[in-house]
Amino acid sequence: MKFIDIGANLTHESFENDLDTVIKNAELAGIIHIIITGTDLSSSIKASNLAKSNSSYLSSTVGFHPHVADDVKESDFKIATELLELKNAVAIGETGLDYNRRYSSKKAQLKVFEQHLELATDIQLPLFLHQRDAHSDFYPLLTKYRHKMLGGVVHCFTANKEILDSYLDLDMHIGITGWICDERRGQGLQEIVHNIPKNRLLVETDSPYLLPRTLKPKPKSRRNEPKFLPEVAKSISEHSAKTLEEIAKISTQNAITLFNLPIGNLTPISLGD
Ligand SMILES: [Zn+2]
């Protein structure tokens, strides 16, 4: 089985010493491509360089997470735009709104998010989106720009059915992480995951965060890695009427299509709904 991790924070300091091993282990686990998340200027530059160094296996996103919105300068967007023109950049983001922890002011978050949306209408790359406790501000902005942009993924989706439906109405993709493997806080997601149409499902680890709680034996370290992605897919299959093979196939094909990834030789499958 083959999987694509559409969201891994491999520029995180916890991967500083053994990134080569982490990537090798991901390959052994059937992960055929990884998209490295850029969350601020320095991680976007690092992600871009990593992707350049191994372009058949790694790609990157470029953007500014809502947590850092307060510190984003106009000149940062200039550099981001240059990075997005490189061929290894496959998405704009991580961007969005996060009113859960409010590391940045609402005002700055809204401004920076809208700048990404503007950029997505110019550059025509998909968006890599983050939304937490901010749907009422996030959704109208996304709706306003949706017809002018290519689309994108609402990554690490953890909200309810109503919010899920609203994203599907806009033809957005939905990224599922190890949140679904959490028997306590993942319960709501477990109940609605079967509602995600085949052609909209993506899987991601959000490494080093969100280590799947269902892994057996429990890893010694709490650091999540791309090699654990099949565990996320396994949980999705258990909570929807689909086999693990099917989840692997459809999520891989969706990732290749949405992000236009440089991967060939996969038999195309029909994604009816
Ligand atoms: Zn996020």
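Below: a short report on this structure.

About the thresholds
- Residues numbered from 1 in each chain as written.
- Predicted model: local features only at pLDDT ≥ 70, side-chain atom pairs only at ≥ 80, totals over all residues.
- Heavy atoms only, no water.
- Salt bridge = Lys/Arg side-chain N within 4 Å of Asp/Glu carboxyl O.
- Helix = DSSP H or I, 4+ residues; strand = E, 2+ residues; numbered from the N terminus.
- Buried < 20%, exposed > 50% of the residue type's maximum accessible area, 1.4 Å probe, protein only.
- Pairing = 2+ DSSP bridges.
- Axes fitted to C-alpha atoms, helices over the stretch in contact; angles between N-to-C directions.
- Contact = heavy atoms within 4.5 Å.

**So, the pattern of salt bridges**
Applying the stated criterion across every chain, the model contains 12 salt bridges. One salt bridge in this structure joins Lys144 and Glu114, with 2.8 Å as the shortest N-O distance. Here the residue Lys144 occupies a position in helix H5 (residues 135–146), and Glu114 occupies one in helix H4 (residues 106–123), the gap between them amounting to 30 residues. We classify Lys144 as partly exposed; its relative accessible area is 46%. Measuring nitrogen to oxygen at the nearest pair gives 3.7 Å for the salt bridge that ties Glu231 to Lys234. Linking Glu231 with Lys234, this pair stays in helix H8 (residues 229–238), spanning three residues, or about one helical turn. Three or more residues joined by partner-sharing salt bridges are found here, namely Asp182, Glu183, Arg184, Arg185 and Arg213.

**Considerations on the sheet that holds strand E8 (residues 201–203)**
One open sheet accounts for eight strands, arranged E1-E2-E3-E4-E5-E6-E7-E8; its pairing is parallel. Each having just a single partner strand, strand E1 (3–8) and E8 make up the two edges of the open sheet. On average, each strand axis in the sheet is inclined to that of its neighbour by 30°, with strand direction left out of account. Pairing analysis gives two bridges linking strand E6 (residues 152–154) to strand E7 (residues 173–176), with the strands arranged parallel. Within the sheet, the bridge partner assigned to Val154 lies in E7 and is Ile174. Against the sheet, H8 touches E1, strand E2 (31–36), E7 and E8, its axis set at about 105° to E1. Docked against the sheet, helix H9 (residues 244–259) engages E1, E2, strand E4 (89–98), E6, E7 and E8, running at close to 95° with respect to E8.

**Description of unusual backbone geometry**
The bulk of non-glycine residues show a negative phi, and the bulk of peptide bonds are trans. For the bond running from Gly93 to Glu94, omega is 20°, close enough to zero to count as cis. Of note, Glu94 is situated in strand E4. The omega angle of the peptide bond from Ser207 to Pro208 is 5°, so this bond is cis rather than trans. Within the fold, Pro208 resides in the loop between E8 and H8. Although it is not a glycine, Cys156 adopts a positive phi angle of roughly 45°. Looking at Cys156, the relative accessible area reads 16%, which means it is buried. The phi dihedral of Leu210 falls on the positive side, at around 55°, and the residue is not glycine. Within the secondary structure, Leu210 is located in the loop between E8 and H8.

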